[in-house]
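Understanding the architecture of this molecule
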Amino acid sequence: MERYMEHHMDFVRLRQVETRLLWLSHWMIHHANHLRPNDEGIKIGGHQASSASMVSIMTALYFAGLNPEDRVAVKPHASPLFHAMQYLMGNIDVALMKNFRGYGGVQSYPSRTKDVDDVDFSTGSVGLGVAITSFAALCQDYIKAKQWGGDLKLGRMVALMGDAELDEGNIYECLQEGWKHDLRNTWWVIDYNRQSLDGIIHEGLWERAEKTFTAFGWDVIRLKYGALQRAAFEEAGGAKLKEWIDHCPNQDYAALTFMGGKVWRERLLDDLGDQGDFTAFLDRRSDDELARLMENLGGNCVETMATQFAAIDHDRPVCFLAYTIKGWGTPIAGHKDNHGGLMTPQQMQQWQSDMGVRVGFEWERLEAVDDPQGFQQWLDQVCFFKTKTRRFDDAVIDVPSLTLDASKSASTQAGFGKILDIIARRDDAIAERLVTLSPDVSGTTSLGSWINRKKLFARNPIRDVFKDAKIPSTAKWEFDASGQHIELGIAEMNLFLALAATGLSTSLFGKRLLPIGTVYDPFVCRGLDALNYACYQGSRFMIVGTPSGVTLAPEGGAHQSIGTPLIGMSQDGLSSFEPAFIDELAVIMEWGLAHMQADDGGSIYLRLSTKPLEQPQRIIDPALAQDIIDGAYWLRRPGPNCELVIAYQGVIAEEAIHAAGHLAEFRRDIGVLAVTSADRTYADFNAASKSQSRVSHIEKLLADVPHHASILTVIDGHPATLAWLGGVRGNPTTGHGVEAFGQTGRVIDLYRHFGIDHESLVRSALRQMPGRRNLKQVPAAQNNVA
C-alpha cells in the first residue's frame, strides 16, 4: 500500500510545521486566558502541557503519515493543536481561534457536531474516543465485505491517547472485542508523558501495556529515544547515558526536565561520577544542548515518529508507545502541576521572543518561517489535506410499511422480532443495509429470526457445527462476510461504541447503514457513558431495551429497570418510545428508520417488554399514526363530565385499561390516555411553553379535560416519567410507578407491591373522586374501554 509521498519526509519542513503548531496552539490558550475579556475569572489549564507533548506526534502523523481515507480520534487536551493545524492549513477563520473555549468558538475538546473543522470523532470522555476507532475499523470491514461496499478504500482508524487513559476499563473491553473480530487497520498512539491530572503515573506502566496489547494480537512499538539521543548513545560515554535514562524514575525525569540543563549536568555527574569518557561526553555540550538532548524522547522527535509511521507496511493493529515530556518546548515542561498550569504573561513574552514571533504578528499563519512561499507550496501538497471533503453522504433508503397482521395476544418484544423478519424477507435496500448488534443477548431479545435469515458477520467463515451434525436447534449460527448481525461479547460499553461507529457510517465511509442494537433494558445504564458519547457524535442508530421493568418479574431486582424512561427523556439526540401494542411499535419503527436518516433526525430508543398483551383490533389511520409518533393519543376519549383521566405508558396498559373498565361503572366519562413517548410529548410541550407561539400536542389532547378532573399516571418505571402531565393544565395528579429495587416473584405480585396493578389504581382513583371514598372492595375488573 503506497501511503507516503517522498517529499513529506522532508524533516526540515516537518520541524517548521512543528514549530508553527506549538506556537499557534499556545498563543490561542494564552489569548483565551489573558487577552480576551473574561469577567468570570475562570482560567483554562490542562491544554498547554498536553498539547505540547503531542506536537511532534501530530505533526508526523498528519503531515507525513496519513491519507484522506484515514480517520483520527484526537486526544481531548490536544484540541488546541488540532485547531492550530486546521488554521495553519487555512481551513478555519482566525476569529474562531481567538474565541477558543468561548461561545461560538472552537471547542475545548474536538467535536464533530460543534466544531466547524474536520473532526472525525468527538473526544472528551477519556477512553471512549480511543475505543471507537476499533469499532470504526470493524464497521469499515463490514462495509467492504458487502457487494455494495466493495469500492470502499480502506483507511486506518487512529487514536491519539494519553497514558492515563490506560486506566479506563472500556479500553480493555474494546481490546478483547477487537481480538475476537480479527481487528485490523487500527493504530493507537500513546502519549507516554508519564503525568496525569494529579501527578506522576506508576513506574513500569509501559511493561504492563506492552504485555496487554501483545496478548490481544497487536504489534507494540516502543519509541523511547529521539534521533539526537540515539546518535548520542553511539558516542564514547553514550551507553552510560542510555543505561541511566532507562533506570531513571518518572518523577525524577520530570523534575529534572523542569529544572533544566545545569541541574541535569549536576545530577548525571552525581549519579555516574567522573568516568572520563562520560565526563567528556557532557563537556562537549552546553547546558542548553544537554537539556535538548535529555528532552529528545521518541515522541518529541518528529523525525523518529514520521520514520516509524512510514515503516508500517501491514494492516495489523499497532500500538505506538511514544515517550514524551509533558509541556515539551515550553517553560512549564516537566512540572508536576503543569496539567492545570499556564505560562505567566512574563513567561509567554520571553517564549515569544525565543520563538522569533514579532509582537503584533502572533496570529500570522506563517510568521517566523523562512521561505514562507516555499513552505506554503509544501503545505499545499500534503496528502491528508488534499481532499477537502472528508464527510460523505449516501442515498436515503426508503422505509416500507411495517404493518403486521393483528394477533390476539403478543408482546412488543415478539412484535419487534416479527418486524425484523418482515424486513429480512424483502429484497431491497432496507433489507440490505440494516445491521443488528447485540452483546451476547441476541437470542433473548428476539433477533433469532433475523439472524437465521441474514447470518452473522465475520470476515472469515465459521461453520455452524451443530447444523453440520444435524443437531436440532432453533438458531442457525453461521458466520461469513455476507452476515448482517454483529455479535458482541457481554459488554454494554462495546455495544454503544459499536452503534456509535456504525451510526456514523454514512459520514465516515459514504455508505449508509441502519444499525439496530438490542440490550436488556436495565443494562442501558451500564453503557450510559458510551450511549451519551454516541449521541454527542450525532450518530444514528436504534437501541432496543428489552425486557424492561419489574414486569420481568422472575429475574429479580438486578434485571428490572426503573430509571431508563427518564434516561430516554433526558438524553439529547435520542427519541425515546415505549409502545404497549405491536401496531404502535410498527408505526414507531417505520418512522424511526426514516428519522435516523433525516438531516434533522436522530437516534431511537425503544423500551419493550416480553409480557403478552391482548392486541386492539383496529386500523391505524394517518391521524392516529401521527399521534403515536407525537407521543400520545386517546385510547378512550374523556366525556363532557370527566372527573378522571388515567394516563399510562408501555406494558402497564393492561392494568390501566382494567382499572378504567371497573371505574367506568361509576364514572363513564373517564378518559384513558395512551402515552407512547413521554420524551417527545414533554419536549414538544416544553418547547411550545417557551415559545408561546403555538399549542403543543398534549395541550390539544387535554384541552377538553376540566381543570378539576384528576389525572392518575402509571408506568412500569419511575413515576416522574409521567407525573409532569398535571402541569399541562393544572390538574391534580397522582403518579404510580416503581421507585425501589424489585425482587423475584409473579408479575401480579410485583405490580401489587409497587401499587401499579389495576386494583391499586382503582383505589387511588376513588380516593381522588368525591363520594367514593368508602368503597372497600374492588371487584374483578372488566376490560371494556371501547
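Everything that follows concerns the structure shown earlier in this document.
So, here is what we can say about the structure in this document. Treat the numbers as computed from the prediction; the structure is a model and nothing was measured. (Residues numbered from 1 in each chain as written. Predicted model: local features only at pLDDT ≥ 70, side-chain atom pairs only at ≥ 80, totals over all residues. Heavy atoms only, no water.)

**Considering the packing of helix α5 (residues 128-144) against helix α24 (residues 528-537)**
Two elements in contact, α5 and α24, have axes whose closest approach is 11 Å; the angle formed by their N-to-C orientations is 75 degrees. Taken together, the axes of α5 and α24 are roughly perpendicular relative to one another. Where α5 approaches α24, its residues Leu-128, Gly-129 and Ile-132 are matched on the opposing element by Asp-529, Ala-530, Tyr-533 and Gln-537. Residue composition of the contact of α5 with α24, by class: 4 nonpolar, 2 polar and 1 charged. (Axes fitted to C-alpha atoms, helices over the stretch in contact; angles between N-to-C directions. Helix = DSSP H or I, 4+ residues; strand = E, 2+ residues; numbered from the N terminus. Parallel < 35°, antiparallel > 145°, perpendicular 65-115°, else oblique. Contact = heavy atoms within 4.5 Å. Nonpolar A, V, L, I, M, F, W, Y, C, P; charged D, E, K, R; others polar.)

**Points about unusual backbone geometry**
Following Thr-546, the chain continues to Pro-547 via a peptide bond in cis, the omega torsion being -5 degrees. With respect to the helices, strands and loops of the structure, Pro-547 is situated in the loop between β12 (542-545) and α25 (564-570). Unusually for a residue other than glycine, Asp-182 sits at a positive phi of about 55 degrees. Locating Asp-182 in the fold gives a position in the loop between α6 (169-180) and β3 (186-192). Owing to a relative accessible area of 42%, Asp-182 belongs among the partly exposed residues under this scheme. Its identity as a non-glycine residue notwithstanding, Gln-692 has a phi of 55 degrees, on the positive side. Looking at Gln-692, the relative accessible area reads 67%, which means it is exposed. (Buried < 20%, exposed > 50% of the residue type's maximum accessible area, 1.4 Å probe, protein only.)

**Section: the sheet that holds β12**
Read across the sheet, 6 strands follow the order β10-β7-β11-β12-β14-β13 without closing on themselves; strand pairing throughout is parallel. Strands with a single pairing partner mark the edges of an open sheet, and in this sheet they are β10 (485-488) and β13 (574-577). Along the sheet, successive strands turn relative to each other by an average axial angle of 20 degrees, direction set aside. Where strand β7 (residues 434-439) lies against β10, 4 bridges are found, and the strand directions are parallel. The residue of β10 that forms the bridge with Pro-439 is Leu-488. (Pairing = 2+ DSSP bridges.)

**Here's the deal with the pairing of β12**
Taking every second residue as pointing to the same face, both faces of β12 are buried, with Met-542 and Val-544 on one and Ile-543 and Gly-545 on the other. With respect to chirality, the unit in which strand β11 (residues 514-519) leads through α24 into the neighbouring parallel β12 is right-handed. In this sheet, strand β14 (residues 603-607) lies alongside β12 in parallel orientation, the contact comprising 4 bridges. Bridged to Ile-543 within β14 is Tyr-605. (Right-handed = clockwise from strand over helix to strand, strands pointing away.)

**Focus: the side chain of Asp-684**
Within the secondary structure, Asp-684 is located in helix α29 (residues 678-691). Polar contacts involving the side chain of Asp-684 include one to the side chain of Arg-694, which spans 2.7 Å. A distance of 2.7 Å separates a polar atom in the side chain of Asp-684 from the backbone nitrogen of His-697. If we skip the residues at most four places from it in the chain, Asp-684 touches Arg-694, Ser-696, His-697 and Ile-698. (Polar contact = N/O pair within 3.5 Å; in protein donor to acceptor, adjacent residues only side chain to side chain.)

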